[in-house]
Amino acid sequence: MPFYEITYETGRSSVARYADEAEAQSAIKAHHDRAVQGLPGGPVGAPAERVVKVREFDKHPNDLNPDQTMSADVLSKELATLVKGLSDDNGVVDISRLAVEVRALSHPMVTHKETSFDSNFVMKPKQELSLTFLEGGK
Amino acid sequence: MATIVFQPMSQLVTDYVMGASGTEVPPASWTMGLSTTVVGSGANMMRNSVWSVTVSGSNVNEIGSGTANGYARQTIARTIAQGGIDWGTSTFDNTFSTGGQSTAADQVTFGAFSGAPSPNGANSWALTAGSTLNAGDLWFAADTAATRTFANGDTEKVTATLKAG
């Protein structure tokens with residue numbers, strides 16, 4: 001069962017799991033149609049939001065590196081780059097900052113987005129769905 | 001609204017923070033799940049509760065574990081005020097009896113649901129780890145204001161806050 005990152009016009013996003021693309025389109029269109037009609041988006045009553053991006057993943061994009069492991073060769077190169085980048089003018093490295101940066105090597109989420117519609121995840125999506133299925137209201 | 005801090009979160013403080021132990025470590029990112037289980041006041045969730053598909057005792061049961069219908073866990077990054085969904089800048093409350101350091105995560109959105117997930121009816125949200133349903137460490141949880149029952153096209157928004165005092 002694939003996962004989908006749904007990005008809304010507000011820049012918020014969610015990850016949802018559906019049986020297939022047809023089910024995904026049905027659910028996403030149902031929510032999008034509510035937004036177009038000014039209806040509540042859920043049981044709490046908050047307004048529904050238009051959908052602007054839908055990205056498909058084979059697995060949950062949180063699972064970029066769940067074991068938090070890396071090959072020794074790759075890690076050696078990453079460490080060298082980090083140590084060089086964190087060295088001050090006197091060649092001194094703050095070990096606490098280095099520890100934070102090392103932990104970030106396995107972060108599944110991006111730390112910088114060019115636009116609010118960019119994906120929140122480092123994992124590359126399998127595909128981005130065409131949103132033509134949203135056209136035409138109920 | 002009841003809240004609870006689970007044993008792994010306490011052990012993070014005593015062992016990982018205080019003692020630099022690797023026995024209990026934080027995940028690469030936090031995830032949030034919705035549970036059918038009420039936090040309660042000791043008769044439902046307990047400090048040593050675990051995720052389980054079996055609804056019994058103090059087990060915590062996740063919605064959508066039988067039929068997802070759009071349900072999946074939402075990720076909160078282990079960063080502060082970066083580009084994606086993560087934690088905000090923390091604030092300090094100096095009140096002697098009730099004060100402490102507080103932080104709020106960016107709001108997460110569940111769904112859109114394609115129909116009723118099974119099981120349905122969220123009574124609480126929980127900060128957890130990993131994307132596998134009914135699995136992973138439980139860190140802390142809080143009741144929803146009312147039972148949330150989901151249908152086609154629904155989304156649900158949750159904002160997690162934490163006060164360490």
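Definitions and cut-offs
What you see as residue numbers is a count from 1 along each chain, following the sequence as written. Both sets of labels track the order of writing: A upward for chains, 1 upward for ligands. In view of the model being predicted, local features appear only for residues whose pLDDT reaches at least 70, and side-chain atom pairs are presented and counted only at 80 or more, with totals across whole chains, interfaces and linings using the full set of residues. Strands are runs of DSSP state E lasting at least two residues, helices are runs of H or I lasting at least four, and both sets are numbered from the N terminus onward. To get the radius of gyration, use the C-alpha atoms; to get the globule rule, take the number of residues to the power 0.38 and multiply by 2.2 Å. Using C-beta atoms placed from the backbone, we call a residue buried if 20 or more other C-beta atoms fall within 10 Å of its own, exposed if 12 or fewer do, and partly exposed for counts in between. Residue count minus one, scaled by 1.5 Å, sets the expected span of a helix. The contact criterion used is a C-beta to C-beta distance within 7 Å, with each C-beta placed from the backbone. For the domains described, the bounds stem from an automatic or database domain assignment. For two strands to count as paired, DSSP must find a minimum of two bridges between them. Where helices are involved, their axes are fitted lines through C-alpha atoms of the stretch in contact, as for all axes, and angles between N-to-C directions lie from 0 to 180°. Note on residue categories: nonpolar means Ala, Val, Leu, Ile, Met, Phe, Trp, Tyr, Cys or Pro, charged means Asp, Glu, Lys or Arg, and polar means any other residue, Gly included. By the definition adopted for this analysis, an angle is roughly parallel if under 35 degrees, roughly antiparallel if over 145, roughly perpendicular if from 65 to 115, and oblique otherwise. In this scheme the crossing of two helices becomes right-handed for a clockwise turn of the near helix relative to the far one and left-handed for an anticlockwise turn of less than a right angle.

Let's talk about the overall build of chain B
Of regular secondary structure, chain B possesses one helix and 10 strands. In sequence order, chain B lays out its α and β elements as β-α-β-β-β-β-β-β-β-β-β. Compactness check: chain B gives a C-alpha radius of gyration of 16 Å against a globular reference of 15 Å for 165 residues, within 12% of the reference. The principal-axis extent of the C-alpha atoms belonging to chain B is close to 45 × 35 × 30 Å. When each of the 165 residues of chain B is scored for burial, the buried share is 43%.

A short note on helix 1 (residues 21-37) of chain A
With 17 residues, helix 1 of chain A should reach 24 Å at 1.5 Å per residue; the first-to-last C-alpha distance of 24 Å fits that figure. Elements that come into contact with the buried residues of helix 1 of chain A comprise strand 1 (3-8) and strand 3 (51-57) of chain A together with strand 9 (155-158) of chain B. Two residues or fewer after helix 1 of chain A comes Gly38(A), characterised by a positive phi angle close to 75°.

Describing the domain arrangement of chain A
Where interface size is given, it is often the accessible area lost as the parts come together that is meant. When the domains of chain A are assigned, the result is domain 1 (1-64 + 108-138) and domain 2 (66-106). A separation of 34 Å is found between the C-alpha centroids of domain 1 of chain A and domain 2 of chain A.

Observations concerning the sheet that holds strand 8 (residues 138-148) of chain B
All names here are of chain B. With antiparallel pairing, five strands are arranged side by side in an open sheet as 1-8-7-2-3. For this open sheet the edge positions go to strand 1 (3-5) and strand 3 (74-77), each flanked by a neighbour on one side alone. Sheet twist, expressed as the mean angle between neighbouring strand axes with direction ignored, is 20°. In the sheet, strand 7 (residues 122-128) pairs with strand 8 via six bridges, with the strands oriented antiparallel. Residue pairing across strands places Trp125 opposite Ala142, the latter belonging to strand 8.

As for the interface of chain B and chain A
Listed by partner, the interface residues are 34 residues for chain B and 37 residues for chain A. Among the secondary structure elements, those contributing two or more residues to the side of chain B that touches chain A are strand 2 (29-35), strand 3, strand 6 (108-111) and strand 9 of chain B. Counted by class, the side of chain B that touches chain A contains 10 nonpolar, 19 polar and five charged residues.

Examining the environment of Trp87(B)
Residue and element names in this part refer to chain B. Considering the arrangement of structural elements, one finds Trp87 in the loop between strand 3 and strand 4 (91-93). Residue classification places Trp87 among the buried positions, given that 20 C-beta atoms sit within 10 Å. Between the alpha carbons of Trp87 and Ala104 there is a distance of 5.8 Å; along the sequence they are 17 residues apart.

A closer look at the pairing of strand 5 (residues 100-104) of chain B
Residues and elements named next belong to chain B. Here three bridges tie strand 4 to strand 5, and the two strands are oriented antiparallel to one another. Bridge pairing in strand 5 places Asp93 opposite Gly100. Connecting the antiparallel pair strand 4 and strand 5 is a turn made up of six residues. Two elements, strand 5 and strand 10 (residues 161-164), share four bridges in a ladder whose sense is antiparallel.

Quick word on the packing of helix 2 (residues 72-86) of chain A against helix 3 (residues 95-104) of chain A
The relative placement of two packed helices comes down to the angle between their axes together with the axis-to-axis distance. All names here are of chain A. The N-to-C vectors of helix 2 and helix 3 enclose an angle of 140°; their axes lie 10 Å apart at closest approach. As far as their axial angle goes, helix 3 and helix 2 are oblique. Note on packing geometry: the crossing formed by helix 2 with helix 3 is right-handed. On helix 3, the residues touching Leu82, Val83 and Leu86 of helix 2 are Arg97, Leu98, Glu101 and Val102. Tallied by class, residues from the contact of helix 2 with helix 3 come to five nonpolar, no polar and two charged.

Observations concerning the sheet that holds strand 10 of chain B
Residues and elements named next belong to chain B. If you trace the three strands from one edge of the open sheet to the other, you get 4-5-10, paired in antiparallel fashion. What marks the edges here is a single partner per strand, and that holds for strand 4 and strand 10. Within the sheet, the average angular offset between the axes of one strand and its neighbour, ignoring direction, is 25°.

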